[in-house]
Amino acid sequence: VVLHRLPHFNCPFFGVRRCPSTMAPTLPFGKIREGVGFRQTASGPPQAMYHWVEMRTKMRIMGFRGAAVKPLNEEAAAELGAELLGEATIFIVGGGCLVLEYWRHQMQQRNKEEEQRAAWNALQDEVGRLALTLEALQAQMQAVPSQSAVEE
């Protein structure tokens with residue numbers, strides 16, 4: 001499992017993974033799939049499009065160019081629609097996690113670069129201040145008469 005590299009998602013993953021199997025029958029997924037609204041709205045158009053594209057592709061690979069695609073029966077269509085909807089949800093959540101992780105990494109990188117830039121500017125300011133101090137000290141040294149001039 002690659003989740004050890006994503007510590008933000010590690011804890012919820014194990015919580016879901018250890019979810020007791022006694023909860024599974026109480027979840028409403030079976031009832032949702034059997035509902036008329038699900039078949040007409042959520043699973044209807046996506047599964048029909050997917051089935052049509054899949055069958056056309058298979059027929060073209062086998063050499064049948066002009067064959068018509070028969071629609072699936074209602075039970076198979078509902079099952080395929082539920083499967084497609086589940087896979088789409090998983091891919092959207094996974095893609096969202098990747099995008100958020102990328103965004104978080106970019107923000108950290110940007111903050112790190114800003115901190116480095118601020119430290120660099122502070123060092124340059126310190127060097128400039130020390131250069132002015134050095135010039136002032138050199139001017140004072142020039143103004144103080146040398147030991148040989150004092151002795152004469």
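For the structure, check the block above.
Residues numbered from 1 in each chain as written. Predicted model: local features only at pLDDT ≥ 70, side-chain atom pairs only at ≥ 80, totals over all residues. Heavy atoms only, no water.

K.L.:
I'm lost on the overall build of the chain in this one. Help?
P.N.:
Per the secondary structure count, the chain includes 6 helices and 0 strands. Along the chain direction, N to C, the helices and strands of the chain fall in the order α-α-α-α-α-α. Per-residue burial over the chain gives 9% buried out of 152 residues. Carbon together with sulfur atoms contributes 64% to the accessible area of the chain, which is approximately 12900 Å² in total. (Helix = DSSP H or I, 4+ residues; strand = E, 2+ residues; numbered from the N terminus. Buried < 20%, exposed > 50% of the residue type's maximum accessible area, 1.4 Å probe, protein only. Areas by Shrake-Rupley, 256 points an atom, 1.4 Å probe, with all protein chains shown as cover.)

K.L.:
What am I meant to see in a nonpolar patch on the surface here?
P.N.:
On the surface, Met49, Trp52 and Val53 cluster together into a nonpolar patch covering about 320 Å² of accessible area. Positionally, Trp52 belongs in helix H4 (residues 44-62). (Patch = residues over 30% accessible without salt bridge, like charges linked within 9 Å, V, L, I, M, F, W, Y side chains within 5 Å. Salt bridge = Lys/Arg side-chain N within 4 Å of Asp/Glu carboxyl O.)

K.L.:
Just checking my understanding: could you explain helix H5 (residues 74-143) for this structure?
P.N.:
Given 3.6 residues per turn, any residue in an α-helix points the same way as the ones three and four places further on. In this model H5 runs 102 Å from its N-terminal to its C-terminal C-alpha over 70 residues, within 8% of the 104 Å that 1.5 Å per residue would give. Every buried residue of H5 is accounted for by Ala77, Ala78, Leu80, Gly81, Leu84 and Glu101. (Expected span 1.5 Å × (residues − 1).)

K.L.:
Looking at this model, I keep getting lost on the environment of Ala76. Mind explaining?
P.N.:
When you line up the elements, Ala76 lands in helix H5. A relative accessible area of 31% means that Ala76 is categorised as partly exposed. Considered as a pair, Ala76 and Gln47 are 29 residues apart in the sequence and their alpha carbons are 9.6 Å apart.

K.L.:
For this particular structure, what's the right way to read the pattern of salt bridges?
P.N.:
A side chain with one charge may pair with a side chain of the opposite charge, provided their charged atoms come close. What the rule picks out here adds up to 3 salt bridges. Across the pair Lys58 and Glu54 runs a salt bridge, and its minimum N-O distance is 3.5 Å. In this pair, Lys58 and Glu54 both sit in helix H4, 4 residues apart, roughly one turn of the helix. For Lys58, a relative accessible area of 42% gives the class partly exposed. Since its relative accessible area comes to 26%, Glu54 is described here as partly exposed.

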